[in-house]
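# A structural walkthrough
Below, each chain spelled out in residue letters.
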Amino acid sequence: MKNNNEIRYIAIEGVIGAGKSSLAAMLSKKLKAKLILEKYETNPFLGKFYEDPERYSFQTQLFFLLSRYQQQQELLQYDLFNNYLVSDYIFEKDKIFAYLNLQDDELKLYEKIVGYIEKNIPTPDLVVYLQSSLERIVHNIKARNRNIESNISEEYLKELNEAYNYFFFRYKNSPLLIVNSTEIDFVNNKKDFELLSDAILKPNHSQIEYYNPSVSHA
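The shown structure was predicted, so the numbers you read here are calculated from the model rather than taken from an experiment. (Residues numbered from 1 in each chain as written. Predicted model: local features only at pLDDT ≥ 70, side-chain atom pairs only at ≥ 80, totals over all residues. Heavy atoms only, no water.)

### Focus on a nonpolar patch on the surface
Put simply, the test is: Residues enter a patch when their relative accessible area is above 30% and they make no salt bridge; the linking distance is 9 Å between like charges and 5 Å between nonpolar side chains (Val, Leu, Ile, Met, Phe, Trp, Tyr). Computed with the Shrake-Rupley method and a 1.4 Å probe, the accessible areas treat only the protein chains shown as cover for residues. Take a side-chain nitrogen of Lys or Arg and a carboxyl oxygen of Asp or Glu: if they are within 4 Å of each other, that pair is a salt bridge. Comment: elements are numbered from the N terminus, with helices defined as DSSP H or I runs of at least four residues and strands as E runs of at least two. Burial classification: accessible surface area is computed with a 1.4 Å probe over protein chains only, and a residue below 20% of its type maximum counts as buried, one above 50% as exposed, and the rest as partly exposed.
Residues F169, I208 and Y210 make up a contiguous nonpolar surface patch of about 300 Å² in total accessible area. Inspection of the secondary structure puts F169 in the loop between α7 (154–168) and β5 (176–180). The exposure class assigned to F169 is partly exposed, which follows from its relative accessible area of 35%.

### A look at the sheet that holds strand β3 (residues 85–87)
Put simply, the rule reads: One requirement defines pairing of two strands: DSSP has to find at least two bridges between them. Between N-to-C directions, angles span 0 to 180 degrees; the directions come from axes that are lines fitted to C-alpha atoms, helices contributing only their stretch in contact.
Spatially, the six strands line up as an open sheet ordered β2-β3-β1-β4-β5-β6, and their pairing is parallel. The sheet terminates laterally at β2 (34–36) and β6 (208–211), the two strands that pair on one side only. Strand-to-strand twist in this sheet, taken as the mean axis angle between neighbours without regard to direction, amounts to 20°. Pairing geometry for strand β1 (residues 9–14) and strand β4 (residues 126–131), over five bridges, is parallel.

### A few points about unusual backbone geometry
Phi at K32 takes a positive value of approximately 55°, unusual for a residue other than glycine. Backbone geometry places N204, a non-glycine residue, at a positive phi of 60°. Relative to the helices and strands, N204 is located in the loop between α8 (190–201) and β6.

### Some thoughts on the pairing of β6
Every other side chain in a regular strand lies on the same face of the sheet, so the side chains alternate between the two faces. Burial of β6 is one-sided: the residues E209 and Y211 facing one way are buried, the residues I208 and Y210 facing the other way are not. Both β5 and β6 contribute to a ladder of four bridges, which runs parallel. The residue of β6 that forms the bridge with V179 is Y211.

### As for the nonpolar core
Selection criterion: Nonpolar cores were defined as sets of buried Ala, Val, Leu, Ile, Met, Phe, Trp, Tyr and Cys residues, with membership established by side-chain atoms within 4.5 Å. By definition, residues are in contact when any of their heavy atoms lie within 4.5 Å.
Ranked by internal contacts, the top residues of the largest apolar core, which has 27 residues, are I16, L157, L160, Y164 and F168. Listing elements by their share of this core, those giving two or more residues are α2 (46–51), α3 (53–75), α4 (94–101), β4, α6 (134–144), α7 and β5. Residues within four places of L160 in sequence aside, it is in contact with V15, I16, I96, F97 and L100.

### Thoughts on the packing of α3 against α4
When two helices pack together, their arrangement is given by the angle between the helix axes and the distance between those axes. Put simply, the rule reads: Convention used here: angles under 35 degrees read as roughly parallel, angles over 145 as roughly antiparallel, angles from 65 to 115 as roughly perpendicular, and any remaining angle as oblique. Helix crossings fall into two classes, left-handed where the near helix is turned counterclockwise from the far one by less than a right angle and right-handed where it is turned clockwise. The classification used treats Ala, Val, Leu, Ile, Met, Phe, Trp, Tyr, Cys and Pro as nonpolar, Asp, Glu, Lys and Arg as charged, and all other residues, Gly among them, as polar.
The interhelical angle for the contact between α3 and α4, taken along N-to-C directions, is 170°, at an axis separation of 10 Å. Here α4 runs roughly antiparallel to α3, going by the angle between their axes. Between α3 and α4 the crossing geometry is left-handed. Between α3, through S57, Q61, F64, L65 and R68, and α4, the contact on the second element is made entirely by D94, F97, A98 and N101. Its residues placed into classes, the contact of α3 with α4 shows four nonpolar, three polar and two charged.

### Concerning the pairing of β4
With five of six residues buried, β4 is to be regarded as a mostly interior element. Pairing analysis gives five bridges linking β4 to β5, with the strands arranged parallel. By the bridge assignment for β5, Q131 is matched with N180.

### Observations regarding the layout of surface pockets
To be explicit about the condition: We place a 1 Å grid over just the protein atoms. Points where a 1.4 Å probe fits but has no way out form a cavity, open points with protein on both sides within 12 Å along at least 5 of 7 lines form a pocket, and any residue with an atom within 4 Å of a point lines it. Grid points are joined across faces, edges and corners, and a volume is the space filled by probe spheres set on the points.
Quantified by volume, the largest pocket comes out at close to 740 Å³. I16, G17, K20, R144 and R146 are, among the 39 residues lining the largest pocket, the residues nearest its centre. Those elements that place two or more of their residues in the lining of the largest pocket are α1 (20–31), α2, α3, α4, α6 and α7. When its residues are assigned to classes, the lining of the largest pocket shows 15 nonpolar, 13 polar and eleven charged. In terms of lining, the second largest pocket is formed by V138, I141, K142, N145, R146, E149, S150, I152, E154 and L157. Within the residue set of the lining of the second largest pocket, elements represented by two or more residues are α6 and α7. Of all the elements, α6 adds the most residues to the lining of the second largest pocket, at three residues. Classifying every residue of the lining of the second largest pocket by side-chain character gives four nonpolar, two polar and four charged.

Here's what the structure looks like:
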């Protein structure tokens, strides 16, 4: 049986290009866990949004909101007492994009919809926030060379990075591990991944903790 100190449901978060999906996939493989990835590629408005944010922000946001909600409802049926679950997002992060991108009238409608659906969302045992510099984020996005991301402006990434920092430094719904991921490469460096996964999987996390590799490796 799951005890209060045991981590079963881990959510990885971070700005576009921070490496959250890669880390989630690697952790799920290590734990033999069910993996939940955000289905960004199914959003028919996303590419248009990067080209013309003002015109397509509401459609893009609403599609993501309902898609994330559907995924989260499926999690309610999952047995977390006997299995691990790793996700590359938390439902609440939807609001980061809404407050950044929507107009006032759109935001009022968005908040009304969210008010109806956010009550039955499972809460992670631990949220891992991959905090990274704008330079590293831009580098990662260019390196993976996804066509849909080719029109993302550096100014938008700067605003998004600041919005993520603001949100997660005030996040209190789950224990939170803030990872300084600018100088590590957990995808290609096995030691980086093992040290980070040890920090994630240790028991008895405080409400907020920090993982700084330069200090941890010293």
